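Listed here are the chains, written in short residue letters.
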Amino acid sequence: MSGAGKSTLVRCINMLERPTSGSVLIDGEDIGRLPEAKLRRVRRNVTMIFQNFNLLMQRNCLDNICFPLELAGVKKPEAKKYAFELLETVGLPDKAYAFPAQLSGGQQQRIAIARALATNPKVLLCDEATSALDPKTTQSILRLIKDINKKLGITVVIITHQMSVVEEICNRVAILDEGSIAEKGPVRAVFSNPKSEAGRRLVFPTNTEEVAKHA
């Protein structure tokens, strides 16, 4: 539910926010203990897309995708070549020189995904990435994310309050309630028989009391 700590959790995964206790392990390494220079390198492997796309409005789509490569010191010709490949990957090869304001919401999110893939990450964090999109566009973005997960072998962490998104794309789910994990497990198991009150509220929002009686 709103306020459960979903976005705070995802921001702890890439250390945009520092957890007050516990640790974040990526490939067995506690990234909370890393010096800033090493943490910056880790962040290239853990990229993020957002609900509001966060594109640079004064740059065209090609330059938006090239931006993280510039920060990483990649030479311009090489960065542009790879950016064109990523435009193909997200299905927008003809939008290289368009500006974000000229695109639909779904197209902007595809450009944001291409930018997030520019540094060849191991993990893609999606913070309410489809919440601002209509149902049809949401489906196309989810198919793209699923395809990226399978073809590129990138782990995807999806933060959402939309149960349909979890059901459509996720293998495993963790339900947060007031900053704690209420329950977790394979999506099919949790959705067919949620054991926590928070799980029942989310999976069966109109029938929570009745489900609780028969749980």
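Above this text sits the structure in question.
Residues numbered from 1 in each chain as written. Predicted model: local features only at pLDDT ≥ 70, side-chain atom pairs only at ≥ 80, totals over all residues. Heavy atoms only, no water.

In this section: the sheet that holds strand β3 (residues 46-50). One open sheet holds the three strands; their spatial order is β3-β4-β5, and the pairing between them is parallel. Strands at the two margins of the open sheet, each flanked by one partner only, are β3 and β5 (155-159). Neighbour-to-neighbour, the strand axes of the sheet open up by a mean angle of 20°, direction not taken into account. In the sheet, β3 pairs with strand β4 (residues 123-127) via five bridges, with the strands oriented parallel. Paired with phenylalanine 50 across the strands is aspartate 127, a residue of β4. Sitting on the sheet, helix α5 (residues 105-117) is in contact with β3 and β4, with an inclination near 170° to β3. (Pairing = 2+ DSSP bridges. Helix = DSSP H or I, 4+ residues; strand = E, 2+ residues; numbered from the N terminus. Axes fitted to C-alpha atoms, helices over the stretch in contact; angles between N-to-C directions. Contact = heavy atoms within 4.5 Å.)

Between helix α3 (residues 61-71) and helix α4 (residues 76-89), the shortest axis-to-axis distance is 9 Å and the interhelical angle comes to 125°. When the interaxial angle is binned, α3 and α4 end up oblique. Crossing hand, α3 versus α4: right-handed. Between α3, through Leu62, Ile65, Cys66 and Leu69, and α4, the contact on the second element is made entirely by Ala79, Lys80, Tyr82, Ala83, Phe84, Leu86 and Leu87. Residues belonging to the contact of α3 with α4 are distributed by class as follows: ten nonpolar, no polar and one charged. (Parallel < 35°, antiparallel > 145°, perpendicular 65-115°, else oblique. Left-handed = near helix turned anticlockwise from the far one by under 90°. Nonpolar A, V, L, I, M, F, W, Y, C, P; charged D, E, K, R; others polar.)

This brings us to the pairing of β4. Counting buried residues along β4, five of its five residues qualify, which places the element largely inside the surrounding structure. The alternating pattern of β4 places Val123, Leu125 and Asp127 on one face and Leu124 and Cys126 on the opposite face, and all of these are buried. Where β4 lies against β5, five bridges are found, and the strand directions are parallel. Looking across to β5, one finds that aspartate 127 is bridged to isoleucine 159. (Buried < 20%, exposed > 50% of the residue type's maximum accessible area, 1.4 Å probe, protein only.)

Our focus in this paragraph is the pattern of salt bridges. Within the structure shown, the criterion is met by nine salt bridges. Aspartate 27 is the salt-bridge partner of lysine 122, the closest N and O atoms lying 2.9 Å from each other. Taken as a pair, lysine 122 in the loop between α5 and β4 and aspartate 27 in the loop between β1 (25-26) and β2 (29-30) lie far apart in primary sequence, 95 residues in all. Exposure remark for aspartate 27: the relative accessible area of 64% places this residue in the exposed category. Aspartate 147 is paired through a salt bridge with lysine 151; the nearest N and O atoms lie 3.4 Å apart. Remark: lysine 151 and aspartate 147 occur in helix α6 (residues 135-152); sequence separation between them is four residues, near one turn of the helix. Look at aspartate 147 and you get partly exposed, because its relative accessible area is 34%. (Salt bridge = Lys/Arg side-chain N within 4 Å of Asp/Glu carboxyl O.)

Next up on the list: unusual backbone geometry. Positive phi outside glycine occurs at asparagine 54, with the angle close to 55°. Relative to the assigned elements, asparagine 54 resides in the loop between β3 and α3. A relative accessible area of 42% places asparagine 54 in the partly exposed class. Positive phi, close to 50°, is recorded for asparagine 120, a residue that is not glycine. Among the structural elements, asparagine 120 can be located in the loop between α5 and β4. Accessibility expressed as a relative area gives 53% for asparagine 120, which makes it exposed.

Before going further, it helps to examine the packing of aromatic side chains. The final tally for this structure, using the stated rule, is one aromatic pair. A centroid spacing of 6.4 Å and a plane angle of 65° characterise the contact between phenylalanine 84 and tyrosine 97, whose relative ring orientation is edge-to-face. Of this pair, phenylalanine 84 sits in helix α4 while tyrosine 97 is found in the loop between α4 and α5, placing the two residues 13 residues apart along the sequence. Judged by its relative accessible area of 33%, phenylalanine 84 is partly exposed. Among the residues examined, tyrosine 97 registers a relative accessible area of 55% and is labelled exposed. (Phe/Tyr/Trp six-rings, centres within 6.5 Å; stacked < 30°, edge-to-face > 60°.)

Turning next to the side chain of threonine 138. Note on placement: threonine 138 falls in helix α6. A relative accessible area of 8% places threonine 138 in the buried class. Within the structure, the side chain of threonine 138 is placed 3.5 Å from the backbone oxygen of leucine 133, a separation counted as a polar contact. Once residues within four sequence positions are removed from consideration, threonine 138 is found in contact with Thr130, Leu133 and Val165. (Polar contact = N/O pair within 3.5 Å; in protein donor to acceptor, adjacent residues only side chain to side chain.)

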